[in-house]
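# Geometric and topological summary
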Amino acid sequence: MISNDPKQKTNRAMTRLIPSEFLELNWRVGTFILMIVLGIYLMMIYPMTDQVNGLIDPFYSPTVLILPFIGLFRLTCYAYRKDYHRHIFNHPRACEIGFRAETKGREYTGETRLFRIENLHRWFMYFAVLILPFFFYDIYLAIVTEGGITLGIVLLGINAIFVTLYTLSCHAVRHLIGGNTDCFSCKHNVRQKLFSGQTKMNLHHETLAWISLTMFFLVDLYIRGLQAGVLPNIMLIH
Amino acid sequence: MEEKIILNIYRQDPSIEQKGQLQKFEVPYVDGMVVLDAVRYVQEKLDTTLAIRWNCKAAKCGSCSAEINGMPRLMCKTRVDTVGHNITVTPMGAFPLIKDLVTDVGENWEILRKIPKFTPREDMESPWKMQQMDVERSKEFRKCIECFLCQDVCHVIREHSTPYFGPRHVVKAASMDMHPLDSEDRSRMLDQVGGLGFCNITKCCQDVCPEHIHITDNAIIQEKERAVDNFYDPLARLIKRKKTKERSVA
Amino acid sequence: MAEQYLNTESDILIIGAGGAGMRAALAASDAGLKVTVVSKSLLGKAHTVMAEGGIAASLGNVDPKDNWQAHFGDIIEEGVYISNWRMAEILAKEAPQRVYELERYGALFDRTPDGRILQRAFGGHSYRRLCHVGDRTGLEIIRTLEDQVIHRQNVKIIDELYITSLLKKDGKVIGAIGLKMDKGEFHCFKAKAVVLATGGCGRVYKITSNSWESTGDGLGLAYRVGAKLQDMEMIQFHPTGMVYPPGVKGLLVTEGVRGEGGILYNSKMERFMERYSPQKKELDARDVVARANYAEIQEGRGTEHGGVYLDISYKGADFVKQKLPSMYMQFMEFAGVDITKEKMEVAPTTHYQMGGVRVDPDTGMTDVKGLFAAGEIACGLHGANRLGGNSLADILVFGKRTGEGATDYAKTAELVEVREEDIQNEISRVLSFLKPDGINAYDLIDELTSTMSDNVGIVREPDRLNIALAKILELKEKYPKVSAPGGRKYNHGLLAAMELSNMLVATEAIVRSAIMRPESRGAHTRKDFPKKDRAWLKNILCSDVGGEMKLDTEPVPTIPAELMELVKQEVY
């Protein structure tokens, strides 16, 4: 039934926009949002002003201002999508049928409404690829500043490698380098090789996603530890 | 003494009974037996009125789909020694029940009818030539035996009412879209009519597929990306249009 | 009180939705006719999906020397000269067209390096001839035809419907009556022509590679309305079926394994096919390899579980997984055997009925007007032994031909009113099985299939054939006491009771024909007559005469001289 009541109209517009997951009381969603807000708050009150022992915090490479885009890249990533739809929004809670009781009868809008933003993953990916060189540039800078390789630089290196692997193993990359063609033999021989190579990486996309995310935080904590003077910076090769 | 296993089989004729219940049967264990062997033993020797659906008994036809201890599986492909000696077998919950373990999967044919059939390009010389590497991608989807376990496990199909066609049907569309000589693009209709956006890629379908098809990674995400080409990425659309033009000129 | 039923009128009724049934439906639909397809199982589950190795067609893509003449010669020679030459000619000539047509319908075959359809070697074929999709060719055919059929407006598909009898009036078949299992409703079909595409009767044996469906339903239906059954003694045993674990005993191991280089060994690790067939070895015709495997097992050189070894592991894991993916999975998941590392254990298993309902080679019409047959149920093409890959060619070539034959017939025929009394009688006959006490059909089926496997196997002896015949006649006596408890809805017990009558027709025809043929030819091996006999260049026919099965023989139709030149002279 269509009503002309203006109040209901705005309600309808709202519900057409906001995914149903956010319109219901769910401690998981609440906790998740709280954690993000807390994270942003902490970064604001404890900002990293300058490099520490030549190391630039990965969250600030090249500038903290791009963080929202990187965040969106990760939020719209197919691997994370699986995880947060399952474990935060509980759609579904598990593949086993017996554990499904909780999702039954709940409203569900999937990746429609605001979650249509998932479809822009490709654009965030372009951006993420563009800033990849900065991670390596930071390593170069650190080596020059320190005149050798320190533990922090090794950590930055590992972090850069995982970020790169994660970014390049993305499903959107997979689509662009080969997934979008049905005929490799029509002068796209190279693309076929790229595609099958990338597919091997892509199979581990979810693992890479989590490793690289964890690395980000570990490296950040390490550098903050150096700044606070509670962690040592060990020179490995002079 | 001969070894026995216990089967708890769901019994209900919805035209007569409001509620179903599990009925317990004891079946002699045979080395290497699968759940279907045990269920058939019940149907043939203990209670011939038990409704079951099976056909090839070789995991090639996809008839004997059921939920074994709460997981959607093929009865013919589930060895008893992998699920223990006390087994609960229930019908697929995503489809209307006909009787006991048999469900009405007819809605799937209605959906399949909505997916445009294979539409070859018109500029082809006969006999057609294709390269093996181009055939491989679509071939994965052609392994599908239409057991509909993916439809059964999919929470969108099972628990919600949406326009989403379901994993099997995205696989079907992908099998034709990725045919090197097909000229249709089914991602548009999947997105607009088939509710592709309702899939939140939680990958249960991929987990239960008895043919080990990478449903989510290779079919659904690929179709979603193609839909992005069509609706969310003007750049990709422009390139694509130029290519189609080139081809039609050639 | 009169029972309710639903009426369906169509130009053509097709019974069976396997490859032959669906291809016939497409042919009739192309001609603009209204078609109804009914099938016992769900749509797309037909036994065709079990076909693995490929479809035989002389495209000459891999061996350019191959042509229809060579294919024709192979069919006649390996069918041991009792095939119908006209059917062989049609198949050899038209199979390539059907393969290319299937490709245009959307099937994706494996390719040669230059992009054409790849063909593999198979037993008994003189060239590499089998177009394939890995080892899932049948599945690809079914999916492709299904995709075409469901998009046709003039084709109606009713699945899970079991036809209980054909309707006949004035010597013509005019329709059929069936039970829709999932609803428990009766249906009456009126049609100008009826096509049987019901498949074979492999399930009359205990150890079989056949699906649940293959109970010879078409044989019973046709036989009861007066059609003649031919070559029923010719039952093909596939040389390689699984033997372990017991649950999958008989399950097919595709000939593709041998086609790709698989080697057979006995328990002494001797490559025994070098003794039985020094030239073709593992790739000889199925009857030869099956007998060899059987002999090795009988003579005590079998494996632990009563089979012989088949080895493909020496080809390397990548090769095996790419060429034989479903075999790899089948052994891994059912038997816990990794065929890329270990040998398989295999033994012969019932596979195919070469015999069946006699049909006209060009139109597929049986001896009864208005009744057509195509596919495994029809007879004549394969003679005494079927070559691998010819069954898939058969269902497409003769599916189309029969669809067209039925179309031509239907264009001049008219729908005939069915007498209400006949319908009601048939419905009450079916319902009379629904009684709580009586004999469980499954018990009798068990007895019947064990008898067949024990006594009417690869090598046959008169004593044992007579034991089997006596058993079949005893079961026929008991049959009226068969009953099934429960209702009409999805009652497999009731279905088994009805299937049993068809299985009895099939087995009686097999055993009587086997007793009648005093020679060894193709799949039919008699211990007491180990040689071929020129006097038996004949086909045996079974027909219903007043409730008794009567057997006749007819000489094999003479091959025209110009075709005879393509065939090696038969040697005795």
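About the cut-offs
- Residues numbered from 1 in each chain as written.
- Chains lettered and ligands numbered in written order.
- Predicted model: local features only at pLDDT ≥ 70, side-chain atom pairs only at ≥ 80, totals over all residues.
- Heavy atoms only, no water.
- Helix = DSSP H or I, 4+ residues; strand = E, 2+ residues; numbered from the N terminus.
- Buried < 20%, exposed > 50% of the residue type's maximum accessible area, 1.4 Å probe, protein only.
- Contact = heavy atoms within 4.5 Å.
- Areas by Shrake-Rupley, 256 points an atom, 1.4 Å probe, with all protein chains shown as cover.
- Lys, Arg positive; Asp, Glu negative; His and termini not counted.
- Charge placed at Lys NZ, Arg CZ, Asp CG, Glu CD.
- pLDDT = per-residue confidence, 0-100.
- Pairing = 2+ DSSP bridges.
- Axes fitted to C-alpha atoms, helices over the stretch in contact; angles between N-to-C directions.
- Buried area = accessible area lost by both parts, 1.4 Å probe.
- Salt bridge = Lys/Arg side-chain N within 4 Å of Asp/Glu carboxyl O.
- Polar contact = N/O pair within 3.5 Å; in protein donor to acceptor, adjacent residues only side chain to side chain.
- Nonpolar A, V, L, I, M, F, W, Y, C, P; charged D, E, K, R; others polar.
- Domains from an automatic or database assignment.

The helix and strand tally for chain A stands at nine helices and two strands. Written out in order from the N terminus, the α and β elements of chain A read α-α-α-α-α-β-α-α-α-α-β. In terms of overall dimensions, chain A has C-alpha extents of about 75 × 55 × 40 Å along its principal axes. Put simply, chain A has 238 residues, and 45% of those count as buried. Partitioning the contacts of chain A with sequence separation of at least 6, the portion at a separation of at least 24 is 75%. Only carbon and sulfur atoms are counted for the fraction: they give 71% of the accessible area of chain A, which is about 12,800 Å². The distance from the centre of the 22 positive side-chain charges to the centre of the 16 negative ones in chain A is 10 Å.

Of the residues in chain A, 91% have a pLDDT of 70 or more, and the chain-wide mean is 86. Put simply, helix α1 (residues 6–17) of chain A is where chain A has its lowest mean pLDDT, 62, and helix α6 (residues 151–168) of chain A is where it has its highest, 95.

Residue and element names in this part refer to chain C. Spatial strand order, β11-β14-β13-β12: four strands in an open sheet with antiparallel pairing. Looking at strand neighbours, the two that pair on one side only are β11 (235–242) and β12 (263–265), the edges of this open sheet. Taken pair by pair, the neighbouring strands of this sheet meet at an average axis angle of 45°, ignoring direction. Inspection of the sheet shows β12 paired to strand β13 (residues 308–311) by three bridges, in the antiparallel sense. Within the sheet, the bridge partner assigned to I263 lies in β13 and is D311.

Counting residues at the interface gives 64 residues for chain C and 67 residues for chain B. Interface area for chain C against chain B, summed over the two sides, is near 5,400 Å², with a carbon-plus-sulfur share of 51%. Among the residues chain C hides against chain B, the three largest losses belong to K45(C), L108(C) and F334(C). Together they make up 12% of the total. A salt bridge links R136(C) to E211(B), with the shortest nitrogen-to-oxygen separation between them at 3.1 Å. Counting the contacts that link chain C with chain B gives 39 residue pairs in polar contact (both at pLDDT 80 or more). Elements represented by at least two residues in the side of chain C that touches chain B include exactly α3 (85–105), α4 (137–150), β6 (155–159), α10 (325–335), α13 (441–455) and α15 (492–516) of chain C. Each residue belonging to the side of chain C that touches chain B can be placed in one class, and the counts come to 26 nonpolar, 17 polar and 21 charged.

On to the domain arrangement of chain C. Residues and elements named next belong to chain C. Entries for chain C in the domain assignment read domain 1 (239–348) and domain 2 (432–555). The straight-line distance from the C-alpha centre of domain 1 to that of domain 2 is 29 Å. Together, the buried faces of domain 1 and domain 2 total about 410 Å²; carbon and sulfur atoms form 72% of this surface. Among the residues of domain 1 in contact with domain 2, D287, R291 and Y294 are the three that bury the most area, contributing 88% of the side total. Linking domain 1 to domain 2 there are zero salt bridges. If you look at where domain 1 meets domain 2, you find two residue pairs in polar contact (both at pLDDT 80 or more). A total of four residues in the side of domain 1 that touches domain 2 trace back to one element, the largest contributor, which is helix α8 (residues 286–298).

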